[in-house]
Structure formats: C-alpha cells, structure tokens
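Notes for the structure review
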Amino acid sequence: MVTILANGFVPESLAECLELKAKRSLTPYAGGTDLMIEEDRGGQYLFLHKIPELKRIREDDDNLYFGAACTFTELLESALAPAILKAALSRIAAPAIRNTGTIGGNIGNGSAKADSALIFFVTDSALKLSGSKGERLVPIQDFYLGRKKLDLQPDELISEVRMPKKWLSKYDYQKIGARKSLAISRLSFAGLFAEENGAITHCAVAFGAVSDVIIRRKDLDSLLIGKTIPDAKAAKSAYIKAYEEAIVPIRGRVSAEYRKETCLNLLKDFLNKMGI
Amino acid sequence: MADSMTFILNGKETVYSGSATARLLDVLRNEYNLTGVKCGCKEGECGACSVILDGRLVNSCMTAMGRVAGSGVVTIEGYRETERFKALDKAYASVSAVQCGFCIPGMVLASECILSKNAHPTEEEIREGISGNLCRCTGYNAIVKAIGIAAKEGDGLW
C-alpha cells in the first residue's frame, strides 16, 4: 500500500514505486543524506526505504547482488559484502550517516567522490535499472556519462548493484581525506590483483575524486595482465606513464597537481604491495 | 489528495499530516516542542540533532518526514525516561562530561547506540561511535570516559 502525503509517496513494493515514477516527476529519496542538504528542495519525494526488492542482499555462483536502498551500515553488517567494499564503506562519514546513506543514492548522486561507487567501478559491477517498461543492466562505467550526468531515464530507478565475485580477494583501498571521520574524499584509490602460476591473471585500478567521473581504464590495465612478475616489473614504468597521461584532474579545493601526483603515488604503492 | 502517516514518537503513536519533505529536526522542535533535539549545522556534520530511528542513530536534519512513516523515533525526551539513561546521566556527571551541553542530547543518544550494539566497547569503539558528534567545548576525553563508566556501572542494562 502506498502512503500518500502532501508532497511525497511511500510505496511498499517496487511495482507500486515504478508506477508512481512513470506517472509523475518525483525525486527518489533513498537515504536523504545528499538530498536534504541541497539548497533547493522543492518538488515531491518518492521514499524508497519500505521496498523489500531494494533492500535485498543475495548471491549466486558468479555474482553478489546488493539492493540499491541498502544502507552502508546494512552492508557493513552483511556476511555477503566483500572486504574491499567494507573497507570503503567503513570510512564513509560517521555512524549516523552510514545508518541512512545508501549505495543507490551514492551512485545516483553522480559524484566522482562517491566512495562506494569507486568499489563498484574497480570490481566492474553493473547496475540494474528498473523502469515502467522493464529492466536493463548497465555496466557502471557506462552509466556515468559525465559529472552529474547519468544514463537513467525519468521513469527508471537504480534497483540493484551486481558485483562479479571473481577477483575480489586481493585488494588495496586508500582514501585521502582531511580528517578521520566525516571526511569527503580528496582522493581515493582502489585496486584488485590476482596471479596464478607466476602470471598476472587480473589487475584493475580505479581513481575517485580526481576527474568528473571515476577513472577506470581496462585498456591500460591490460598492459600488465598475462605477464609474469619479472615482465610486469619491466613494463611498470610504461604502465605508470600511461596513467600519468590518462589522469586529467579537475581543479577544486585540492590542486590538480596534488591530485595527480598523489594518484600516481598510490598507484606505485599498489604495485609495490603486489610485488611489482 | 493529501493523506497522513503514522509513526511512533517516544513510544506514542503519532499522526502526521504535514509536508513529507520537511526535516524531522524542524518538525520535532517546532511541531512537537521537543527542543532537546538541537540544530547545529543542518548538514550532517555535527550530530547535535541526533535521534534514534528504528534503533539506529540518525541525523534528524538529514531525514525527511516521509522517511519516518511507520518507523519509531526516540529523542532525548523519550530516552530520559529509561534506566539506561539514568546510568549514562550518572556516568556523565561523575566525570563532569557536560560543559555547555549543546552536543549532549546527541552524545547521549550516540552513547546508547554504541552500548546497545556492544555492551563492552573498547575506547576506540567508543570514539568511532561518537565520531559524528562534535563537541565544540572539545570535552571528548570526559565523554569517552563517561561512556566507559556507564558500560561498567550499568552492566546488564545493555
């Protein structure tokens, strides 16, 4: 049943929710932690906290599935959420914000500073978008078209994040903030690495809070994949150089020069940690 | 047609028919006269407006009324009627942990959420638990100490 208020709706199923979204111009309210601090908060809200389909956490043989309205705390308490995701979530803001903020909201806000989105980039996760005409699955990299620009239709909602289980075990996560708690990332880095019988089977890195969109360059990471460790060491400087060219930082509160240099330092640290 | 919603406010079923997008903070203070909920920053930075929503600490400045539909909200005014509050009150007083007092309603509710999750927290866990609650008098050490004392003296309450 939908609770109807003066300027908001509280549906209790995904079907009810999508029907409302198709008919009206509604602002989705997941955790509210980004929405409620905006200057202009006019319009009508569509509250997502009572929709069971958006709160599910499940798995199959190949993937983990996280409902978009799961809060950071719910994922931190879940046995299914992998360590790399928990590493990032545990450093978001402070308990009260982790208790309300959601992954769907973090992604949907469209910022390259979103700490959970960085993990979804490095793990090559995909988003399930549900709309009145059905659903579609979009790799997170394709979902972000630019700063605050998303591949999302007016009738659609981010309903689930699908994360491949492969390659999650060996990771690195670094967040540079001005303080320990309640820090917005000045820069963030995540990396995944795997080797088998002396050869690199997987290498993925992502940089957050640097550019308009989180940086994830599979084409550059392929420079190391398939190589032996000694060969990777020989290719290391070319790999770093490639990222040096690929990272074009935006100038903000933190200088572009600082951002770029720190990105490359974090990349070098990652390679050192992985024995390259 | 505008309808209304119900929620449990400090244990009492409450009917609300105002704006769904209004801040819980403003409604608690202005409509229900629960002024123990303080407004410090209106952007989730300070924790002075902390309340407990369905057992978890939240910032009421970043919570819209629609989010509260069907949920339970506890403010310091409701919490002060509990035995757990008495243990925290005594512990805070024993080390003079209250200075100007502005952050204290939020700090006490954060203390409750630390202890309800973990009855015997380490100092680090206590500091993490209040990391979203700022004390501009900077009296953190006494507050951390007080929560540790409450855990010990109020053993069995949590």
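Residues numbered from 1 in each chain as written. Chains lettered and ligands numbered in written order. Predicted model: local features only at pLDDT ≥ 70, side-chain atom pairs only at ≥ 80, totals over all residues. Heavy atoms only, no water.

Looking at the pairing of strand β11 (residues 157–164) of chain A
All names here are of chain A. A large share of β11 lies buried, amounting to six of its eight residues. Examined bridge by bridge, strand β6 (residues 63–67) and β11 share five bridges and lie antiparallel to one another. Note that in β11 the partner of Leu 64 across the bridge is Met 163. Looking at chain direction, strand β7 (residues 126–131) and β11 are connected through five bridges and run antiparallel. Bridging from a neighbouring strand, Leu 129 pairs with Ile 158 of β11. (Buried < 20%, exposed > 50% of the residue type's maximum accessible area, 1.4 Å probe, protein only. Helix = DSSP H or I, 4+ residues; strand = E, 2+ residues; numbered from the N terminus. Pairing = 2+ DSSP bridges.)

A closer look at the nonpolar core
The biggest cluster of nonpolar side chains holds 73 residues, and the ones touching the most others in it are Phe 66, Ile 107 and Phe 120 of chain A. A per-element tally of this core places helix α6 (residues 115–122) of chain A first, with six residues. Aside from chain neighbours lying at most four places away, what touches Phe 66 of chain A is Arg 56, Ile 57, Leu 75, Leu 80, Ala 81, Pro 82, Leu 85, Ile 103, Phe 120, Glu 160, Val 161 and Met 163 of chain A. Counting 31 residues, the second-largest nonpolar core is a separate cluster that includes Tyr 79, Cys 113, Ile 114 and Ala 150 of chain B. (Core = buried A, V, L, I, M, F, W, Y, C linked by side-chain atoms within 4.5 Å. Contact = heavy atoms within 4.5 Å.)

As for the side chain of Ser 181 of chain A
Mapped onto the fold, Ser 181 of chain A is located in the loop between β12 (171–176) and β13 (187–196). You can call Ser 181 of chain A buried: its relative accessible area is 16%. A polar side-chain atom of Ser 181 of chain A sits 3.4 Å from a polar atom in the side chain of Ser 131 of chain B. With sequence-adjacent residues up to four places away left out, Ser 181 of chain A is seen in contact with Ala 93 of chain A together with Ser 131 of chain B. (Polar contact = N/O pair within 3.5 Å; in protein donor to acceptor, adjacent residues only side chain to side chain.)

Points about the domain arrangement of chain B
Residue and element names in this part refer to chain B. For chain B, the assigned domains read domain 1 (5–76) and domain 2 (82–153). Just the C-alpha atoms count here: the centres of domain 1 and domain 2 sit 21 Å apart. Opposite the 17 residues of domain 1 that make contact, domain 2 presents twelve residues. Ranking the residues of domain 1 by area buried against domain 2 places Ile 52, Leu 57 and Ile 76 at the top, with a combined share of 42%. Where domain 1 touches domain 2, the interface holds zero salt bridges. Where the side of domain 1 that touches domain 2 is concerned, the elements lending two or more residues are β3 (50–53) and β4 (56–59). Here the element with the most residues in the side of domain 1 that touches domain 2 is β3; it accounts for three residues. Taken together, the residues of the side of domain 1 that touches domain 2 break down into eight nonpolar, six polar and three charged. (Domains from an automatic or database assignment. Buried area = accessible area lost by both parts, 1.4 Å probe. Salt bridge = Lys/Arg side-chain N within 4 Å of Asp/Glu carboxyl O. Nonpolar A, V, L, I, M, F, W, Y, C, P; charged D, E, K, R; others polar.)

Topic: helix α9 (residues 229–246) of chain A
Residues and elements named next belong to chain A. A rise of 1.5 Å per residue sets the reference length of α9, with its 18 residues, at 26 Å; its end C-alpha atoms lie 24 Å apart and thus fit the reference within 8%. In the structure, α9 departs most strongly from a straight axis at Ala 235, where the bend amounts to approximately 50°. Among the residues of α9, those classed as buried are Ile 229, Ala 232, Ala 235, Lys 236, Tyr 239, Ile 240, Ala 242 and Tyr 243. (Expected span 1.5 Å × (residues − 1). Bend = angle between axes of the 7 residues up to and from the residue.)

Some words on the pattern of salt bridges
Here the structure, examined in full by the defined rule, presents 26 salt bridges over all chains. The salt bridge partner of Glu 59 of chain A is Lys 165 of chain A, with a shortest N-O separation of 2.7 Å. Linking Glu 59 of chain A in strand β5 (residues 57–59) with Lys 165 of chain A in the loop between β11 and β12, this pair joins segments that are 106 residues apart in sequence. Residue classification places Glu 59 of chain A among the partly exposed residues on the basis of a relative accessible area of 43%. Given a relative accessible area of 28%, Lys 165 of chain A falls into the partly exposed group. Glu 112 of chain B is the salt-bridge partner of Arg 84 of chain B, the closest N and O atoms lying 2.7 Å from each other. Residue Arg 84 of chain B is found in helix α3 (residues 83–94), and its partner Glu 112 of chain B is found in helix α4 (residues 104–117); the two are separated by 28 residues along the sequence. Exposure remark for Arg 84 of chain B: the relative accessible area of 25% places this residue in the partly exposed category. Residue classification places Glu 112 of chain B among the buried residues on the basis of a relative accessible area of 8%. Several salt bridges converge on common partners, so that one network encompasses Arg 58, Lys 128, Glu 135 and Glu 160 of chain A.

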